[in-house]
Amino acid sequence: MSTPEVTGMTGTKPSSRVQVRQNRDFMADPLSLLARRLSPAFAAVAGGEVDPVVRPSEHADAQVNGALALAKKLGKQPREVVAQVLDIAGDMSDMCTDLQVAGPGFVNVVFAEKFLAEQVHVAMASEALGVAAAPVKRKYVVDYSAPNVAKEMHVGHLRSTIIGDALVRMLTFVGHIVVRENHIGDWGTPFGMLIEHLVDLGEADAAHELGVGDLDGFYKEARRKFEADDVFKERARARVVALQGGDPDTLRLWKTLVNESTKYFNHVYGLLDVLLTDDDLAGESKYNTLLPQVVDRLAKLGMLVESDGAEVVFPAGFTNREGDPLPLIIRKGDGGYNYATTDLACVIDRVENIGAEASLYVVGAPQAQHLQMIESVSRTAGWLSDDADMVHVAFGSVLGADRKMLKSRSGDAVKLASLLEEAVDRANRAITEKNPEMADDQRAQVAKMIGIGAVKYSDLSSDRVKDYVFDWDRMLSFEGNTAPYLQYAHARICSIFRRAGVERESVRHVVPTLDAPQERSLALRLLQFDAAVWDAIDKYSPHRLCTYLYDLASDFTSFYEHCPVLRAESDSMRNSRLFLCDSTARVMNAGLAVLGIRSPEMM
RNA sequence: GCCCCUGUAGCUCAGUUGGAUAGAGCAACGGACUUCUAAUCCGUUUGUCGCAGGUUCGAUUCCUGCCGGGGGCGCCA
């Protein structure tokens, strides 16, 4: 079977979600278990495989809607179909206490407490907390972050880096093999002026300037001289030629720029707490030697066309302003290559050298057409086979309070490093206010987790394709769908165990009792972690997991208010509740972890 | 001009591929702390789902056409 995919960039419809679910070995999700249980009965009535359409319900734990569509198909009354299905299904009392037919033919399902208790016990005994492993392990390449050498990282890189990191962690969590690729911009004509500026400053001073993170100052000064000074401009041009010609001294200077910049990137990645390392660097320069091969191979396939002095490919279905075919430029009129060629070389490298079965491009939404063209050419050329996925994980812009693109006071892009420092600083102030007793060194640690977590979560928690408004007060609030609220739930649980003097592990053998409605809701929620993770993966949409974790935190705090743990009426009730606490903390911790967010034990 | 994304409560956002009376948070109002961390909880109030058609038992969801916002459309990446 092929792994689920979002709509491919060529617009091919993905296999239906229902098939995906049936083929996947869900371990915990009660809705899936119910669907699987009812499936034979539906098949018997329908005379073939049919989706029972089990959905969450406001009126019960779940509702089964499959009879409505089936009734129409069979020309029967929905309620008659329901009766037949339930008759064939037989005794379901081990799973649900109540099966009520409602409205035109919905079946409301209330799960048996014993069933939920057993299920949550089993799910929480597993390393993955009930989350099913990928039935087929695939090799994914995830392309994200991609800052430019000698240029400041800004909010655009923030989204790509955060979303990419979360996807990498989610895919890894379910057992896929994930290759991270950070396509830093380390090649091209700007490097002529950058190297000459480096020479002017002296290598040591320039390295220092870049090393302390004044990348924008460096870049702007280089550009200013390039535009104002004809002699400098000529030097820059000559330097580009020397760079492309492989002049050793030029390459050494170039390498200095790259090294100092990557040091700085690593500093930012450290602040951001993401997985990227130097091993993941796949700069544009890496693909240089492959570029002539791209041209050759396209030429041999007869795809290459000469147009206005450039060598181009016309992928089918793309037109320009005038309605004429739109080219993908492979080699420019001056003989140079551009990023389309690099992207194609990259596709070849992934398929033929890395063995990638799926490529994710965590790139801003404006690149949609470019990536569609890359995919189209790659498929036509036969580099991407039909079962190889190429997905544009697109995202929108970060907006300021004025609903315009987020800018600093001076009108420049906001420096990512200073933004992250401000986040930690604000978190630190909040903790100081709310929990003054906390020791300084501990507060510093926790402030990082909360500040960075808040920035990440606010980025991840809404639909990535939409723009989102950056708002310090909202993201650092402890109310509503925010990282601190989720982290607080986790910290409170840790506090309970500290106070109880009980080891977390010691309650993991417990089968809970779920008498109180809050206990029951919490257990049911814990079982849905499985579905939530997979839902997020299926759509490459981390916000789906965020919504789940928020619901989990809400259910927990409600439980916390209504169900005393340490002062429980009996030891068995206390143990049962300790089990629910521990389970909640583990799911919260794991869920936040796959989003790239830490769970403090105290805050 | 063509193409892509987007439009849901005063604000910020969900809405599980077509299901029941569209949900959260913030804001507003009313309650609950000698606490297992009140950084919280409980309750009340909030809608022409941009507009108009169509498809059908049923549409925020699918189709068509408009309107508003953002973006893209040949040698920058």
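Placed above this text is the structure.
As the structure is a computational prediction, the values presented were derived from the model and not from experiment. Residue numbering note: each chain is counted from 1, following its sequence as written. Each chain is given a letter, starting from A, and each ligand a number, starting from 1, according to the order in which they appear as written. For this predicted model, a pLDDT threshold of at least 70 governs which residues receive local features, and a threshold of 80 or more governs which side-chain atom pairs are given and counted, while totals over whole chains, interfaces and linings are taken from all residues. Each side-chain value is derived from all of the structure's non-hydrogen atoms; neither hydrogens nor water enter the calculation.

Draft legend 1. Focus on the protein's contact with RNA strand B. Consider each residue's heavy atoms; a residue with any of them within 4 Å of a molecule or strand counts as near. Around RNA strand B, a shell composed of 69 residues is seen, among which Arg55, Lys332, Tyr488, Ser495 and Tyr560 lie nearest. Considering RNA strand B, the proportion of its atoms within 4 Å of the protein that are sugar or phosphate atoms stands at 56%. Here a phosphate oxygen of RNA strand B sits 2.5 Å away from a polar atom, N or O, in the side chain of Arg567. Secondary structure elements with two or more residues in the surface near RNA strand B: helix H3 (66–74), strand S4 (106–111), strand S8 (310–313), strand S13 (468–469), helix H18 (483–500) and helix H21 (542–562). Working definition: helices are DSSP H or I runs of at least four residues, strands are E runs of at least two. Numbering for both runs from the N terminus. For the surface near RNA strand B, the element with the highest residue contribution is H21, accounting for 9 residues. In terms of residue class, the surface near RNA strand B is built from 29 nonpolar, 20 polar and 20 charged. Nitrogen and oxygen atoms within 3.5 Å of one another constitute a polar contact, given that in protein one can donate a hydrogen and the other can accept it, and given that sequence-neighbouring residues count only through two side-chain atoms. Think of it as three bins: nonpolar holds Ala, Val, Leu, Ile, Met, Phe, Trp, Tyr, Cys and Pro, charged holds Asp, Glu, Lys and Arg, and polar takes everything else, Gly as well.

Draft legend 2. View of the pairing of strand S10 (residues 358–364). Summarising burial for S10: 6 of the 7 residues are buried, a large majority. Pairs of strands are assigned from DSSP output, requiring at least two bridges between the strands. In terms of strand pairing, strand S5 (residues 139–143) meets S10 through 4 bridges, oriented parallel. Considered in S10, the bridge of Tyr140 is made with Ala358. Note: S10 against strand S11 (residues 389–395), 7 bridges, orientation parallel. When the sheet's bridge partners are listed, Ser359 is paired in S11 with Met390. Working definition: with a 1.4 Å probe on protein chains only, accessible area under 20% of the residue-type maximum means buried, over 50% means exposed, and in between means partly exposed.

Draft legend 3. Seen up close, helix H15 (residues 416–434). Given a rise of 1.5 Å per residue, 19 residues ought to cover 27 Å, and the 27 Å separating the end C-alpha atoms of H15 matches this to within 8%. Regarding H15, the residues found buried are Leu416, Ala417, Leu419, Leu420, Ala423, Val424, Ala427 and Ile431. Contacts: residue pairs with any heavy atoms within 4.5 Å of one another. Contacts from the buried residues of H15 go to helix H6 (155–173), helix H11 (248–272), helix H16 (440–460) and helix H17 (472–475). To estimate the expected span of a helix, subtract one from its residue number and multiply by 1.5 Å.

Draft legend 4. Spotlight on the packing of aromatic side chains. Stacked, tilted and edge-to-face are the three classes applied to pairs of Phe, Tyr and Trp rings, where Trp contributes its six-membered ring and a pair requires centres within 6.5 Å; stacked means planes under 30 degrees apart, edge-to-face means over 60, and tilted covers the rest. According to the stated counting rule, one finds 8 aromatic pairs in the structure shown. Arranged with centres 6.4 Å apart and planes meeting at 50°, the rings of Phe173 and Phe529 form a pair that is tilted. In this pair, Phe173 sits in helix H6 while Phe529 sits in helix H20 (residues 529–538), placing the two residues 356 residues apart along the sequence. According to the relative accessible area criterion, Phe529 is buried, its value standing at 0%. When the ring centre of Tyr140 is taken as origin, the NZ or CZ atom of Arg138, which lies over that ring, is 6.0 Å away. Throughout this description, the term charge over a ring refers to an Arg CZ or Lys NZ atom that lies within 6 Å of the ring centre and within 35 degrees of the ring normal. Against the face of Phe497 rests Arg504, its NZ or CZ located 5.7 Å from the ring centre.

Draft legend 5. Structural detail: the sheet that holds S10. Taken in spatial order, the 4 strands make up an open sheet running S6-S5-S10-S11, and their pairing is parallel. Single-partner strands in this sheet number two, and they are strand S6 (177–181) and S11. Direction aside, the axes of adjacent strands within the sheet are offset by 20° on average. Only the stretch in contact is used when a helix axis is fitted, and all axes are lines through C-alpha atoms; the angle between N-to-C directions ranges over 0 to 180 degrees. In this fold helix H14 (residues 368–380) packs onto S10 and S11, with an angle of close to 175° to the strand it touches most, S11.

Draft legend 6. The side chain of Thr342, seen in detail. Considering the arrangement of structural elements, one finds Thr342 in helix H13 (residues 339–354). If we ignore the near neighbours within four places in the chain, the residues touching Thr342 are Glu284, Tyr287 and Leu291.

Draft legend 7. Molecular detail of the pattern of salt bridges. A pairing counts as a salt bridge when a side-chain nitrogen of Lys or Arg comes within 4 Å of a carboxyl oxygen of Asp or Glu. Inspection of every chain in the model, using the stated rule, returns 38 salt bridges. For Arg426, the salt bridge identified is with Asp473, shortest N-O distance 4.0 Å. Highlighted residues: Arg426 in helix H15 and Asp473 in helix H17, separated in sequence by 47 residues. Looking at Arg426, the relative accessible area reads 24%, which means it is partly exposed. Measuring nitrogen to oxygen at the nearest pair gives 4.0 Å for the salt bridge that ties Glu561 to Arg492. Here Arg492 lies in helix H18 and Glu561 lies in helix H21, a separation of 69 residues in the sequence. The class of Glu561 is exposed, set by a relative accessible area of 57%. Each of the salt bridges in this network shares a partner with another, and the network as a whole consists of Glu196, Asp200, Lys225, Arg235 and Arg239.

Draft legend 8. Region of the structure containing the environment of Glu479. As for its placement among the helices and strands, Glu479 is situated in the loop between H17 and H18. Overall, the relative accessible area of 65% leaves Glu479 in the exposed class. On a C-alpha basis, the gap between Glu479 and Gln445 in space is 22 Å, while along the polypeptide they are 34 residues apart.

Draft legend 9. Highlighting the nonpolar core. Only buried Ala, Val, Leu, Ile, Met, Phe, Trp, Tyr and Cys residues count toward a nonpolar core, and they belong to the same one when joined by side-chain atoms within 4.5 Å. Counting residues in each nonpolar core, the largest one holds 159 residues, and the members touching the most others are Leu34, Phe111, Leu419 and Leu545. With 10 residues, the top contributor of residues to this core is helix H22 (residues 571–594). If you look at the next biggest cluster of nonpolar residues, it comprises 30 residues, including Leu328, Met373, Trp383 and Leu384.

These figures capture arrangement, not role.
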